[in-house]
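Commentary on secondary and tertiary structure
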Amino acid sequence: MKANIQAISYYLPEEILSNDLINQEFPEWDIEKISSKTGINSRHISAKDEFSSDMAVKAAEKLFKEHNIDRSKIDFLLFCTQSPDYFLPTTACIIQEKLGLETTTGALDYNLGCSGFVYGLSLAKGLIAGEMAKNILLITSETYSKFIHPKDKSNKTIFGDAAAATLISAEKGFCSIGNFVFGTDGKGAENLIVKQGGMRFPVLEDNEDIKDEFGNVRNDKNLFMNGSEIFNFTGEFVPILIKGMLEKANLDQDQIDLFVFHQANKYMLNYLRKKIKIPEEKFYISMENCGNTVSSTIPIALYEALKEGKLENLQHLILAGFGVGYSWAACNLTIE
Amino acid sequence: MEINTFLKNFADILEDTDAALIQQETVFRDLDEWDSLIALSLIAMADEEYSVKLTGDDIKSSNSLNDIFEIIKNKA
């Protein structure tokens, strides 16, 4: 049985962190120059009392409204986040209630970052193929801003908060979901991490702020990203991921009409694009107004590509997510 | 592998720095333009021009551009 993407919508929080605001805070920084490289002009930041379940609900309500979807037909909810409301209960259960989904709905959270959307599509496809569900609501939602130290200019410049809602069904949609390849390398765990706050290292109140070699300030309860290690990881593994994906889907690289990668930042994406030898016109970049929104970058990019008519007359797409874990995954979509 | 070619490659990464400042003994960290993105550009340059994987620790342990050059040369 085929699984298809029916519809996508996304939600961005109201507060905008513009380049001007970053510049006011860090006047020594040439933010315009940084932005021309990262491809990010503004990011949205969740309100103090706005959490991943709230954003998830807003994205899903938007999905129902924009695409005229009857919520009672949803029989499974997959929720991807690394910034859940609580340790327990499962955030997906809270979302089920807030959205008024049937109590016969299956619901679970899973913890993945940049590879999360592609993983979600694979789980949804499995549920449909196994005849366990017919209409799956996949929501990705992250509030990384709450992890970032106020004086960590690098991460503040890159990451934005967002949620995206995607409906995957057995019924025909705008594209069918094809094959998947996955990868994991826990050796990279420490390179993108929020160390404190879990069981191993509870949050300490007397954390000392540390300034890194580039002047970014953070401590162990904040988001830490080792940019150069992440950069090297993607340079090494993403080309292998794409090669494996093409083999799995039995497609030649020039048959692919559009590649949609996790929108990490423009500089890294272009480096990967050149390394894999993908022509510019077959490589979609869309993060100018929202930044790196972790697991929501791919659905946001797909939504924008659809909206601007970029997918018209195309047949084969490849999606690829990679990052925190390290974890990576790719899949192919066919527009029918 | 030529030091002069390497210095030129490094100067090409920079936008606002006078190429004359880019010498073997230049302490790259002291350049006004040096930041985490330039560090990524240096890693990308090492990969694209010399097929060498330069790590964050390699950069951290270096002071001059010549130090970087030697690391790349040894790894090439």
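Definitions and limits used
- Residues numbered from 1 in each chain as written.
- Chains lettered and ligands numbered in written order.
- Predicted model: local features only at pLDDT ≥ 70, side-chain atom pairs only at ≥ 80, totals over all residues.
- Helix = DSSP H or I, 4+ residues; strand = E, 2+ residues; numbered from the N terminus.
- Rg over C-alpha atoms; globule rule 2.2 N^0.38 Å.
- Contact = placed C-beta atoms within 7 Å.
- UniProt positions renumbered as here; feature names shortened; annotations may be inferred.
- Core = buried A, V, L, I, M, F, W, Y, C linked by C-beta atoms within 7 Å.
- Buried ≥ 20, exposed ≤ 12 C-beta atoms within 10 Å, placed from the backbone.
- Domains from an automatic or database assignment.
- Axes fitted to C-alpha atoms, helices over the stretch in contact; angles between N-to-C directions.
- Parallel < 35°, antiparallel > 145°, perpendicular 65-115°, else oblique.
- Left-handed = near helix turned anticlockwise from the far one by under 90°.
- Nonpolar A, V, L, I, M, F, W, Y, C, P; charged D, E, K, R; others polar.
- Expected span 1.5 Å × (residues − 1).
- Pairing = 2+ DSSP bridges.
- Bend = angle between axes of the 7 residues up to and from the residue.

A short note on the overall build of chain B
- Within chain B one finds four helices and zero strands.
- Relative to a compact globule of 76 residues, whose C-alpha radius of gyration would be 11 Å, chain B shows 11 Å and is just as compact.
- Taken over the C-alpha atoms alone, chain B extends approximately 30 × 25 × 20 Å along its principal axes.
- Residue pairs at least 24 apart in sequence account for 51% of intrachain contacts in chain B once pairs closer than 6 positions are excluded.

Things to note about the overall build of chain A
- If you tally the helices and strands in chain A, you get nine helices and 15 strands.
- Each of the three principal axes of chain A carries a C-alpha extent, and together these read 55 × 45 × 35 Å.
- Relative to all contacts within chain A whose residues are 6 or more apart in sequence, the contacts with residues 24 or more apart total 80%.

Comments concerning the UniProt feature "domain: Beta-ketoacyl-[acyl-carrier-protein] synthase III N-terminal" (unreviewed entry) in chain A
- The UniProt entry lists residues 108-186 of chain A under the feature "domain: Beta-ketoacyl-[acyl-carrier-protein] synthase III N-terminal" (unreviewed entry), expressed in the numbering used here.
- What you have in residues 108-186 of chain A is 25% helix and 37% strand, and the ends, taken at the C-alpha atoms, are 23 Å apart.

Here's the deal with the nonpolar core
Residues and elements named next belong to chain A.
- Residues Ala59, Ile139, Val260, Leu319 and Ala330 are the most contacted members of the largest nonpolar core, which totals 115 residues.
- Of the residues forming this core, the biggest block, eight residues, is contributed by helix 7 (residues 227-249).
- Counting residues domain by domain, this core receives three or more from each of domain 1 (4-173) and domain 2 (179-334).
- When near neighbours in sequence (up to four residues on either side) are disregarded, Leu319 contacts Val118, Val260, Ile298, Ala330, Cys331 and Leu333.

Here we look at the packing of helix 3 (residues 52-66) of chain A against helix 4 (residues 91-99) of chain A
Residue and element names in this part refer to chain A.
- In the contact formed by helix 3 and helix 4, the axes pass within 10 Å of each other and the chain directions differ by 45 degrees. Taken as axis vectors, helix 3 and helix 4 run oblique relative to one another. Here the hand of the crossing between helix 3 and helix 4 comes out right-handed. Where helix 3 approaches helix 4, its residues Ser52, Ser53, Ala56, Val57 and Ala60 are matched on the opposing element by Thr91, Ile94, Ile95, Lys98 and Leu99.
- In terms of residue class, the contact of helix 3 with helix 4 is built from six nonpolar, three polar and one charged.

Focus on helix 5 (residues 116-129) of chain A
All names here are of chain A.
- The first and last C-alpha atoms of helix 5 sit 20 Å apart over 14 residues, in line with the 20 Å expected at 1.5 Å per residue.
- Counting buried positions along helix 5 gives 10 out of 14 residues, so the element sits mostly inside the fold.
- When helix 5 is considered as a whole, its buried residues turn out to be Gly116, Phe117, Val118, Tyr119, Gly120, Leu121, Ala124, Lys125, Leu127 and Ile128.
- Just past helix 5, the residue Glu131 takes up positive phi, approximately 55 degrees.

A look at the interface of chain B and chain A
- Contacts between chain B and chain A engage 14 residues on the former and 15 residues on the latter.
- For the side of chain B that touches chain A, the secondary-structure elements that each account for two or more residues are helix 2 (36-50) and helix 3 (56-60) of chain B.
- It is helix 2 of chain B that contributes the most residues to the side of chain B that touches chain A, seven residues altogether.
- When grouped by side-chain class, the residues that make up the side of chain B that touches chain A number six nonpolar, three polar and five charged.

Considerations on the packing of helix 7 of chain A against helix 2 of chain B
- Axis separation between helix 7 of chain A and helix 2 of chain B bottoms out at 10 Å; the angle between their running directions is 35 degrees. In the crossing of helix 7 of chain A with helix 2 of chain B, the sense of the turn from one axis to the other is right-handed. Contact with helix 7 of chain A, carried on its side by Gly227, Ser228, Phe231, Asn232 and Gly235 of chain A, involves Ser36, Ala39, Leu40, Ile43 and Asp47 of chain B of helix 2 of chain B and no other residues of that element.
- Partitioning the contact of helix 7 of chain A with helix 2 of chain B into residue classes produces four nonpolar, five polar and one charged.

Comments concerning the domain arrangement of chain A
Residues and elements named next belong to chain A.
- We note that the domain assignment places domain 1 (4-173) and domain 2 (179-334) within chain A.
- In this structure, domain 1 and domain 2 have C-alpha centres spaced 15 Å apart.
- At the level of elements, strand 1 (4-11), helix 2 (31-38), strand 3 (42-45), helix 5, strand 6 (135-142), helix 6 (153-158) and strand 7 (162-169) are the ones that each hand at least two residues to the side of domain 1 that touches domain 2.
- A total of six residues in the side of domain 1 that touches domain 2 trace back to one element, the largest contributor, which is helix 5.

Notes on unusual backbone geometry
- Going from Leu88 of chain A to Pro89 of chain A, the amide bond is cis rather than trans, its omega being 5 degrees.
- Checked against the element boundaries, Pro89 of chain A lands in the loop between strand 4 (76-80) and helix 4.
- In this chain, Gly325 of chain A is followed by Tyr326 of chain A through a cis amide linkage whose omega measures -5 degrees.
- Among the secondary structure elements, Tyr326 of chain A is positioned in the loop between strand 14 (316-323) and strand 15 (327-334).
- Although it is not a glycine, Glu131 of chain A sits at a positive phi angle of roughly 55 degrees.
- By secondary structure assignment, the location of Glu131 of chain A is in the loop between helix 5 and strand 6.
- Phi is positive for Ser51 of chain B, which is not a glycine, with a value near 50 degrees.

So, the pairing of strand 6 of chain A
All names here are of chain A.
- Among the eight residues in strand 6, eight count as buried, and that is most of the element.
- Judged by which residues are buried, strand 6 turns out to be covered on both faces: Asn135, Leu137, Ile139 and Ser141 on one side and Ile136, Leu138, Thr140 and Glu142 on the other are all buried.
- The pairing of strand 6 with strand 7 spans eight bridges and is antiparallel. The residue of strand 7 that forms the bridge with Ile139 is Ala165.

A few points about helix 7 of chain A
Residue and element names in this part refer to chain A.
- When the terminal C-alpha atoms of helix 7 are compared, their 31 Å separation across 23 residues agrees well with the 33 Å that a helix rising 1.5 Å per residue should span.
- When the local axis directions of helix 7 are compared, the greatest deviation, roughly 30 degrees, occurs at Phe237, which is followed within four positions by the proline Pro239.
- Of the residues making up helix 7, those classed as buried are Gly227, Ser228, Ile230, Phe231, Asn232, Phe233, Thr234, Val238, Leu241, Ile242, Met245 and Ala249.
- Backbone geometry just after helix 7 places Asn250 at a positive phi near 55 degrees.

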